[in-house]
Each structure stands twice: as C-alpha cells, then as structure tokens.
Amino acid sequence: MVNENAKESVQLDLNTSGITVSGKINSPIDNDWYSFNVIDSPEYDKIRLNITSDSESNDCRIEIYKNLISDYCAMLMIGSGNGGEISLPSGKYYIRIVSTNSSNNFNAVDIPTYDLIVTPVSRVEDVEINYFEGYCGHIVYDYPEGDYYRIEEKKPNVIAIHGRATYTDDNGIKKGAANVNIYGEVINKQWEANRRPDMAYTDGSVIADSNGFFTLRINLKSGLGGLYYSAPVSVHHYDLMEVNVTAINNENITDRDYFYLLKSSYIY
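For the structure given in this document, a descriptive report is provided here. (Residues numbered from 1 in each chain as written. Predicted model: local features only at pLDDT ≥ 70, side-chain atom pairs only at ≥ 80, totals over all residues. Heavy atoms only, no water.)

Let's shift gears to the nonpolar core. For soluble globular proteins, the rule of thumb is that nonpolar side chains tend to be buried together. By size, the foremost hydrophobic cluster in this structure holds 28 residues, and its most contacted members are Phe132, Ile159, Ile161, Val180, Ile182, Val186 and Phe259. For this core, the secondary-structure elements that each account for two or more residues are strand 10 (126-133), strand 12 (146-152), strand 13 (157-168), strand 15 (181-188), strand 17 (213-220), strand 19 (234-247) and strand 20 (250-267). When neighbours within four sequence positions are excluded, Val180 is seen to be in contact with Arg48, Val121, Ser122, Val124, Ala165, Val206, Ile207, Ala208 and Ala247. (Core = buried A, V, L, I, M, F, W, Y, C linked by side-chain atoms within 4.5 Å. Buried < 20%, exposed > 50% of the residue type's maximum accessible area, 1.4 Å probe, protein only. Helix = DSSP H or I, 4+ residues; strand = E, 2+ residues; numbered from the N terminus. Contact = heavy atoms within 4.5 Å.)

Next up on the list: a nonpolar patch on the surface. There is a patch of nonpolar side chains on the surface, built from Leu68, Ile69, Leu76 and Ile78 and spanning about 340 Å² of accessible area. Position of Ile78 among the secondary structure elements: in strand 6 (residues 75-81). Its relative accessible area of 34% is what places Ile78 among the partly exposed residues. (Patch = residues over 30% accessible without salt bridge, like charges linked within 9 Å, V, L, I, M, F, W, Y side chains within 5 Å. Areas by Shrake-Rupley, 256 points an atom, 1.4 Å probe, with all protein chains shown as cover. Salt bridge = Lys/Arg side-chain N within 4 Å of Asp/Glu carboxyl O.)

Below, the discussion takes up empty space enclosed by the protein. All told, the structure shown has one cavity of 30 Å³ or more when counted by the stated rule. By volume, the largest cavity is sized at about 50 Å³. Elements supplying a minimum of two residues to the lining of the largest cavity: strand 15 and helix 2 (197-200). A breakdown of the residues in the lining of the largest cavity according to their chemical character gives five nonpolar, two polar and one charged. (1 Å grid on protein atoms, 1.4 Å probe; cavity = no way out; pocket = protein on both sides within 12 Å on 5 of 7 lines; lining within 4 Å. Points joined across faces, edges and corners; volume = space filled by probe spheres on them. Nonpolar A, V, L, I, M, F, W, Y, C, P; charged D, E, K, R; others polar.)

Our next topic: the sheet that holds strand 6. Here we have five strands laid out as an open sheet, ordered 1-3-8-5-6, and mixed in their pairing. Pairing within the sheet leaves two strands with one partner each, and these edge strands are strand 1 (10-12) and strand 6. Strand-to-strand, the axes of this sheet are offset by a mean angle of 30°, without reference to chain direction. (Pairing = 2+ DSSP bridges. Axes fitted to C-alpha atoms, helices over the stretch in contact; angles between N-to-C directions.)

Moving on: the pattern of salt bridges. With the rule as written, the count across this model stands at twelve salt bridges. One salt bridge in this structure joins Glu152 and Arg150, with 3.8 Å as the shortest N-O distance. Judged by its relative accessible area of 27%, Glu152 is partly exposed. Accessibility expressed as a relative area gives 5% for Arg150, which makes it buried. Across the pair Arg256 and Glu242 runs a salt bridge, and its minimum N-O distance is 3.5 Å. Remark: Glu242 occurs in strand 19 and Arg256 occurs in strand 20; sequence separation between them is 14 residues.

This part covers the environment of Ser80. With respect to the helices and strands, Ser80 occurs in strand 6. Along the primary structure Ser80 and Arg61 are separated by 19 residues, whereas in three dimensions their C-alpha atoms are 7.1 Å apart. Leave out the neighbours within four places in its chain, and Ser80 touches Ile62 and Glu63.

Turning our attention to the packing of aromatic side chains. The description of two aromatic rings rests on the distance between their centres and on the angle between their planes. If you walk through the whole model with that rule in mind, you get eleven aromatic pairs. Plain terms: the ring middles of Phe36 and Tyr93 are 5.9 Å apart, the flat faces sit at 25° to each other, and that makes the pair stacked. Taken together, the residues span a long stretch of sequence, with Phe36 in strand 3 (residues 31-38) and Tyr93 in strand 8 (residues 91-99) at a distance of 57 residues. For Phe36, a relative accessible area of 0% gives the class buried. Feature note: the residues Tyr141, Tyr143, Tyr148, Tyr229, Tyr238, Tyr258 and Tyr260 constitute an aromatic cluster, connected by ring pairs. Lying across the ring of Tyr93, Lys66 places its NZ or CZ 4.6 Å from the centre. Across the ring face of Tyr141, the terminal group of Arg150 is positioned such that the distance to the ring centre comes to 3.5 Å. (Phe/Tyr/Trp six-rings, centres within 6.5 Å; stacked < 30°, edge-to-face > 60°. Lys NZ or Arg CZ within 6 Å of the ring centre and 35° of its normal.)

What follows is about the sheet that holds strand 9 (residues 113-121). The strand order across the open sheet built from four strands is 2-9-4-7, with neighbouring strands paired in antiparallel fashion. Lying at the two open borders of the sheet, with one neighbouring strand each, are strand 2 (19-24) and strand 7 (83-86). For this sheet, the mean inter-axis angle between neighbouring strands, taken without regard to orientation, is 15°. Note: strand 2 against strand 9, six bridges, orientation antiparallel. Counted as the bridge partner of Ile19 is Val118 from strand 9.

Below you can see the structure in the form of structure tokens.
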C-alpha cells in the first residue's frame, strides 16, 4: 500500500494513562492517520485500541499498519476492527481511521465524530484480592466455614472487590500492571448446591489503574440463607460466597477468596 497521508500522521504520545483523540470522517473515502511508538518495556506488553462514533447511520473502523520501508512506500496492514488488544514488537506503528460505509449508504447529513482511544497494557503475572467492602460489613466473622468478611443483605446489594494486578520486573521488583482488564465472578455456594445457577452466579469486569489497583463492584442476587449458626444469644442464616478474579487475557492468573452474606438473624 502507498499512502502519502501516512507522512502527515498525527503522533500520539502514549503513557500509562492512555490517550484519546477525536476527529470526523467527512465522506466514505475520507481517512485520518495517527502514529504511535511501542517501546521495549513490560508496560507495553499489549496495546488496547477502541473507537466509537456518535453517528447513528455512519460508522468508523481502525486499521493498523507497520511501515516496511522508510519512504512510506510499503505499509503493511497488521490488524483492523473497532477495538481490542494486540501484541506489537517495539517500533513505530500507524493507525488509519476509515468509514465502514460505502458511497451508496454514507449519510452526508450525519457526519460521524469519532473518539479513538489508544492505551498501553502492562504485562501481568499475578492478580490478588486485597479486601472487600459491602453493606454493614466491617468485621470478620468466625462461622464454621472459616474466618471471612461478612456483609448483610440489602436491596440493591453490592460487593466491592479491591485488589491489584502486578508483574515482577527484571530487577525482581514487583510493579503494578497498568490497564489490565480484570474479570470477577461471585458464586453463592448455597444456591449452587441447590442447582440454581440463575441465582448463584454474578460477574463483572474492570480495568486496573496505572498502578495496577482495581475496585470491581458486582451486584449480588438475593441470598438463600442456607447455612445456620447458633451464637450465644442469636441465630444467623447466611450463605458462603466464593469470589474469583482473573486477568482476562490469561485465565491462569487468578485469585480466590470468600465472604459471608447474612440473610437474617434473630435474638433468642
């Protein structure tokens, strides 16, 4: 491919926070060019790209190119689409924004304004759950299943899972894995035992910040109160909740913990 517009590409200065740029595609043959550098660093393990358009009738897509010859006479397309993560060796790359519409279906009165987001994603080697937060949850309870954090059922009920994704650099120093996509799942073990997966499983995802920290908030379904504990002056009905968090791009990088969901309690 030969395209002189690549010479006039807008250079994107990437950092661990990523960068967002906006533009317009004025016709089905219009195109915008950007360039960015991938450095040889664990902080650039992958590049995440995403594009959105505010037009209801016209859309845009991303094309990624590598320049094979210094005079721009051989631009090799290495990927296209509307977003995702891609591993790229260190070097300079080019993004071309084009319309997904043809001359026959491009709506000239609905010119799309796009937002292009380009973010470096760090290498990730470990993910861990640090602590939970939930309604009336402030202490660990010693029920027969073990010592775990306890929250009380409330509508709506949300559990906040705090954790961190990390990697170890060449000097043996643990560092935060910036912008890693984290998936979390909460399993109510009592609904699961009663063969009610519709009530047992809830999940969500979140992107870690520039230091690898994340807070994943998941809406919980109603508890069953399938477990029973008789305290000296009260009776507690509760469920044991299993929490799993995983780095989305590597299901082997995971952590597990538990908390209690108190359904009800009453005094003798």
